[in-house]
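# Geometric and topological summary
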Amino acid sequence: MQQSAHAFWTINLDDPLAAAPDMAGAKASDLSRAARNGLPVPPGFVIPVQCFPRGEHYRNTGELRKAWARLSGNGARALAVRSSSTHEEGAPGRYVSALDVKGWPEFLKAVRGVVASATGPASTAILVQPQLELVAGGVLFGADPLESRAERVIVSAALGGPRALRDNQAATTYALNRRGKVLSMKRDTGAPEEEPLSRPQLRALVKLAARAAALFGGPQEIEFGFDREGALWLLQTRPLSSLTLPRARRPAS
């Protein structure tokens, strides 16, 4: 990795440098920590905060184009381009994302759009990952945020994955114990009769919740998805900061 004045440079998501929030932003740094500790994070790279000095955003894109070509297969694979702010502090939905980005010109356009959404100079990095084809997914709460119960895991899921939930598709919500047993299930009005997740998938999510809590020191809110091959992917993780829980025994790693 070579850094030059006003040039784009990139950091692979599994590089220790990507775990530094002041370089990679909160979202990417948490994913980097998760990836380096064996959690199922899609590959990717970060354009760090230091690449965006005021007024000098778009020079010297040679290294960026190489990183784009490697990850996208020279444009054969769509990418997701998302902001990763140093000021995000785990709050979802405040910054721009560009999905299904295909081709080099569209990729540069997406990068510019994310930079333009920044709340201030030197405040936003950019996270780039493959656009996964997900058949189901949603949000996993590592504890019950409504009843403040640490012994429960809550999963809200829909066919099509987290994007379907963001598009207000009706969801199915599961309450699970720490062994993955379904304690209750509730379908939103209009949700299909077909359950979005199987029992083995729910058990896999409970295990993921425990691993993430052990890594980050407390229950997490996790955006997840399952692809067509049945693989589970962790797409974003942040602390359940609004949850008031009694001190619980640390989950086994």
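Reference entry: report on the structure contained in this document. In this text the structure is predicted, and so the values were computed from the model without any measurement. (Residues numbered from 1 in each chain as written. Predicted model: local features only at pLDDT ≥ 70, side-chain atom pairs only at ≥ 80, totals over all residues. Heavy atoms only, no water.)

## Topic: the overall build of the protein
Rules: The helix and strand labels rest on DSSP assignments: H or I over at least four residues marks a helix, E over at least two residues marks a strand, and numbering proceeds from the N terminus. Between buried and exposed lies partly exposed: a residue is buried under 20% and exposed over 50% of the maximum accessible area for its type, with that area taken using a 1.4 Å probe on protein chains only. Contacts are residue-level and defined by heavy atoms, with any inter-residue pair within 4.5 Å sufficient. Accessible surface area values rest on a Shrake-Rupley calculation with a 1.4 Å probe, where residue burial reflects the displayed protein chains alone.
Counting secondary structure elements, the protein contains five helices and eleven strands. Buried positions account for 50% of the 253 residues belonging to the protein. Nonlocal contacts in the protein, meaning residues at least 24 apart in sequence, comprise 62% of its contacts between residues at least 6 apart. Counting every atom, the protein has about 12,500 Å² of accessible surface; 48% of that belongs to carbon and sulfur.

## Notes on the nonpolar core
Filter applied, for reference: Put simply, a nonpolar core is a bunch of buried Ala, Val, Leu, Ile, Met, Phe, Trp, Tyr and Cys residues held in one set by side-chain atoms that sit within 4.5 Å of each other.
Counting residues in hydrophobic clusters, the biggest one holds 59 residues, and the most contacted among them are F107, V155, L197 and F224. At eight residues, helix α5 (residues 199–216) tops the list of elements feeding residues into this core. Setting aside residues up to four positions removed in sequence, L197 forms contacts with A136, V155, A157, Y174, L202, L205, F224 and F226. Counting six residues, the second largest nonpolar core, distinct from the first, contains V139, F141, A143 and I154.

## Comments concerning the pattern of salt bridges
Threshold: Just to be clear on terms, a salt bridge is a Lys or Arg side-chain nitrogen sitting within 4 Å of an Asp or Glu carboxyl oxygen.
In the structure shown here, the tally under the stated rule is five salt bridges. Across the pair E193 and R187 runs a salt bridge, and its minimum N-O distance is 4.0 Å. The exposure class of E193 is exposed, given its relative accessible area of 64%. Given a relative accessible area of 30%, R187 falls into the partly exposed group. Of the charged contacts, one joins R238 and E221 as a salt bridge, the two residues approaching to 3.1 Å between their closest N and O atoms. Residue R238 is located in strand β11 (residues 232–239), and its partner E221 is located in strand β10 (residues 220–227); the two are separated by 17 residues in the primary sequence. Summarising the burial analysis for this pair, R238 and E221 share the class buried.

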